[in-house]
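In case you want the letters, here they are:
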Amino acid sequence: MEATLGEQVLLLSLDDETGRVREETRTACAVAGAAVLELVLAGRVEVVDDRVCVRDPGPLGNPALDEVLARIAEGNGGKRRPRRTKDCVQHLRKAAVSGANRALVERGLVREEKSKVLGLFPVTRYPETDGSMEKALRQRLEAVVLGGEQPDERTASLVALVHGAKLHRQAFPGADQRAARSRTKEIAEGRWAGEAVRGAIEAIQAATAAVVAATAAAGAAG
């Protein structure tokens, strides 16, 4: 089974040795946005007027995505209006990252390590155990973004998520960052997807920026 977009984002952001997530807030937003985008691509949800609406609550058979779909459906329950994309990304961050981590462990790509900081605060890390999928993923991204190859829909979706969350340094370490940003922007705004998918990507990118900004402001105020 192919890795989900969220799993791929997480692979790009995890430090291979320490298992720590780099750019934690941006990565969590990108993984949550990836889950929403997967559900859009699968025809389960649709972004309408910046609200994430369930069109088909039927499970996909992927535990992590099915959990996210159930959470979105809960938010759409009763007389409550569907959540705005920003609120949806904010609400789904923890569950989406947790589900993607579990999937990577089950695939044998990372291992789960639990410890305590200062002997008090529990911490879970995910060091890499098999780098083959990440290597292939980075080669595919580099061929498209740095080599000029035409992306398929899923690769273009991943590039759009990376660009929206500003995870360029995680995806293309050592590359000319200005060139990487320019090319990812070009792909993200390209005509490779239908109107519904393009609209969802734009909403997810805006939501990611808003959540990252709000989190940074809250941290500064604290």
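Conventions and cut-offs
- Residues numbered from 1 in each chain as written.
- Predicted model: local features only at pLDDT ≥ 70, side-chain atom pairs only at ≥ 80, totals over all residues.
- Heavy atoms only, no water.
- 1 Å grid on protein atoms, 1.4 Å probe; cavity = no way out; pocket = protein on both sides within 12 Å on 5 of 7 lines; lining within 4 Å.
- Points joined across faces, edges and corners; volume = space filled by probe spheres on them.
- Helix = DSSP H or I, 4+ residues; strand = E, 2+ residues; numbered from the N terminus.
- Nonpolar A, V, L, I, M, F, W, Y, C, P; charged D, E, K, R; others polar.
- Patch = residues over 30% accessible without salt bridge, like charges linked within 9 Å, V, L, I, M, F, W, Y side chains within 5 Å.
- Areas by Shrake-Rupley, 256 points an atom, 1.4 Å probe, with all protein chains shown as cover.
- Salt bridge = Lys/Arg side-chain N within 4 Å of Asp/Glu carboxyl O.

1. Some remarks on the layout of surface pockets
One simple way to see leftover space: roll a probe sized like a water molecule over the atoms.
Item 1. The computed volume of the largest pocket comes to approximately 500 Å³.
Item 2. Counting residues per element, the ones that place at least two in the lining of the largest pocket are helix H2 (24-41), helix H4 (85-106) and strand E4 (121-125).
Item 3. At five residues, the largest contribution of residues to the lining of the largest pocket is made by H4.
Item 4. For the lining of the largest pocket, the residue count by class is seven nonpolar, six polar and five charged.
Item 5. Along its surface, the second largest pocket is lined by Met1, Glu7, Gly61, Asn62, Pro63, Ala64, Gly99, Arg102, Ala103, Glu106 and Arg107.
Item 6. Among the elements that line the lining of the second largest pocket, the one with the most residues is H4, at four residues.
Item 7. Here the residues of the lining of the second largest pocket sort into four nonpolar, three polar and four charged.

2. Here we look at a nonpolar patch on the surface
Item 1. A cluster of nonpolar side chains, Val117, Leu118, Leu120 and Phe121, forms an exposed patch at the surface whose accessible area comes to about 460 Å².
Item 2. One can find valine 117 in strand E3 (residues 113-117).

3. A word on empty space enclosed by the protein
Item 1. Taken as a whole and judged by the stated rule, the model has two cavities of 30 Å³ or more.
Item 2. Approximately 90 Å³ is the volume found for the largest cavity.
Item 3. Lining the largest cavity are 14 residues, and of these Thr4, Ala35, Ala64, Leu65 and Ala96 lie nearest its centre.
Item 4. When contributions to the lining of the largest cavity are tallied by element, the ones reaching two or more residues are helix H1 (5-13), H2, helix H3 (63-75) and H4.
Item 5. In the lining of the largest cavity, the residues fall into nine nonpolar, three polar and two charged.
Item 6. The volume enclosed by the second largest cavity comes to roughly 30 Å³.
Item 7. Considered class by class, the residues forming the lining of the second largest cavity number five nonpolar, no polar and four charged.

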